[in-house]
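# Observations on chain architecture
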Amino acid sequence: MFIGHYSVSFASKKAEPKTPLWASFLGVQFVDILFMIFILFGIEGIRFVPGFTEVNNFDLYYMPITHSLVGGIGWSILCFLIFKFVFLRSKPYSDSLKNKISGLIGLTVLSHYFLDLPMHTKDLPILFDSGPKIGFGLWHNRTLSIATEVTLTLIGLVLYFRATKPGPTFGGKYGMQIFGGILLVLAIATPFFPPPLTIPEFSIQALVGYVLLAWVAGWLDGKRLPA
């Protein structure tokens, strides 16, 4: 799962319009951001195996810290606390609104595990690496994988556009539609991209992509208005 994760980000705006889209974009990819850093330093592990699945060549053989269910719960709680007591500390919001926004950010982090579950091979730990690992393996079918990513993204975009309305500028009127179209193109095209050859290449490209998409999403979201 890559682009499909952002469906949860868009849906969070429907749940609470004051939820910053840049934060939820980083939230849904938070554990992948950590994973990309961890594999650079050998803390977690990936192997590139040609033909491993129809979608990618990722043998994700060791990632108990970032991609276990227990890890996901822990990271989501941490992000809830950081967002509430750091990013929202100076905001003139009520405690209940701060809790709601921070809770949504925490849920975006936790959602990563459950959206990965249908796509991954059996590489997602529940507790520790030595315990059972799960994954339903849609990556073995490229067509179903793309259809799943596209469907989730479309659902998220529909919810987002119901929660917001166009702003007065060109970006406010058309920017998010263009951005949404680019995300859908990426959802279809990503499985056909040349596979990475080295861990640094894979990690750096992914990190730049996550940050860039979050920045663009936040910038365009700021040009729209609550519905």
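Not measured: the values here are computed from a predicted model.

What counts and how
- Residues numbered from 1 in each chain as written.
- Predicted model: local features only at pLDDT ≥ 70, side-chain atom pairs only at ≥ 80, totals over all residues.
- Heavy atoms only, no water.
- Helix = DSSP H or I, 4+ residues; strand = E, 2+ residues; numbered from the N terminus.
- Rg over C-alpha atoms; globule rule 2.2 N^0.38 Å.
- Buried < 20%, exposed > 50% of the residue type's maximum accessible area, 1.4 Å probe, protein only.
- Areas by Shrake-Rupley, 256 points an atom, 1.4 Å probe, with all protein chains shown as cover.
- Lys, Arg positive; Asp, Glu negative; His and termini not counted.
- Charge placed at Lys NZ, Arg CZ, Asp CG, Glu CD.
- Salt bridge = Lys/Arg side-chain N within 4 Å of Asp/Glu carboxyl O.
- Axes fitted to C-alpha atoms, helices over the stretch in contact; angles between N-to-C directions.
- Parallel < 35°, antiparallel > 145°, perpendicular 65-115°, else oblique.
- Left-handed = near helix turned anticlockwise from the far one by under 90°.
- Contact = heavy atoms within 4.5 Å.
- Nonpolar A, V, L, I, M, F, W, Y, C, P; charged D, E, K, R; others polar.

## Some points on the overall build of the chain
A count of helices and strands for the chain gives eight helices and six strands. When the elements of the chain are put in sequence order from the N terminus, they spell out α-α-α-β-β-α-α-β-β-α-β-α-α-β. Relative to the compact-globule value of 17 Å for 227 residues, the chain shows a C-alpha radius of gyration of 18 Å, a close match. The principal-axis extent of the C-alpha atoms belonging to the chain is close to 50 × 35 × 30 Å. Residues classed as buried in the chain amount to 48% of the 227 residues present. Surface exposure of the chain reaches about 11,000 Å², of which carbon and sulfur atoms provide 72%. Once the 17 positive and 12 negative side-chain charges of the chain are each reduced to a mean point, those two points are 16 Å apart.

## Some remarks on the environment of Phe128
By the element assignment, Phe128 lies in the loop between strand S3 (124–125) and strand S4 (133–134). A residue is classified by how much of its surface remains accessible, and Phe128, at 53% relative accessible area, is exposed. The sequence separation of Phe128 and Leu69 amounts to 59 residues, and the corresponding C-alpha distance is 9.2 Å.

## Description of the pattern of salt bridges
The final tally for this structure, using the stated rule, is four salt bridges. Glu16 serves as the salt-bridge partner of Lys100, at 3.5 Å between the closest nitrogen and oxygen. Here Glu16 lies in the loop between helix H1 (6–15) and helix H2 (21–28) and Lys100 lies in helix H5 (residues 95–116), a separation of 84 residues in the sequence. The exposure class of Glu16 is buried, given its relative accessible area of 11%. The closest approach of N and O atoms between Arg47 and Asp59, which form a salt bridge, is 3.1 Å. With a gap of twelve residues between them, Arg47 in strand S1 (residues 45–48) and Asp59 in strand S2 (residues 58–62) connect regions that are remote in the sequence.

## Section: the packing of H2 against helix H8 (residues 199–221)
Running from amino to carboxyl end, H2 crosses H8 at an angle of 155°, the nearest separation of the two axes being 7 Å. Judged by the inter-axis angle, H2 sits roughly antiparallel to H8. Remark: the crossing between H2 and H8 carries right-handed chirality. Along the contact surface, H2 presents Leu21, Trp22, Phe25 and Leu26, while H8 presents Tyr210, Leu213, Ala214, Ala217, Gly218 and Asp221. Across the contact of H2 with H8, the residue classes tally to eight nonpolar, one polar and one charged.

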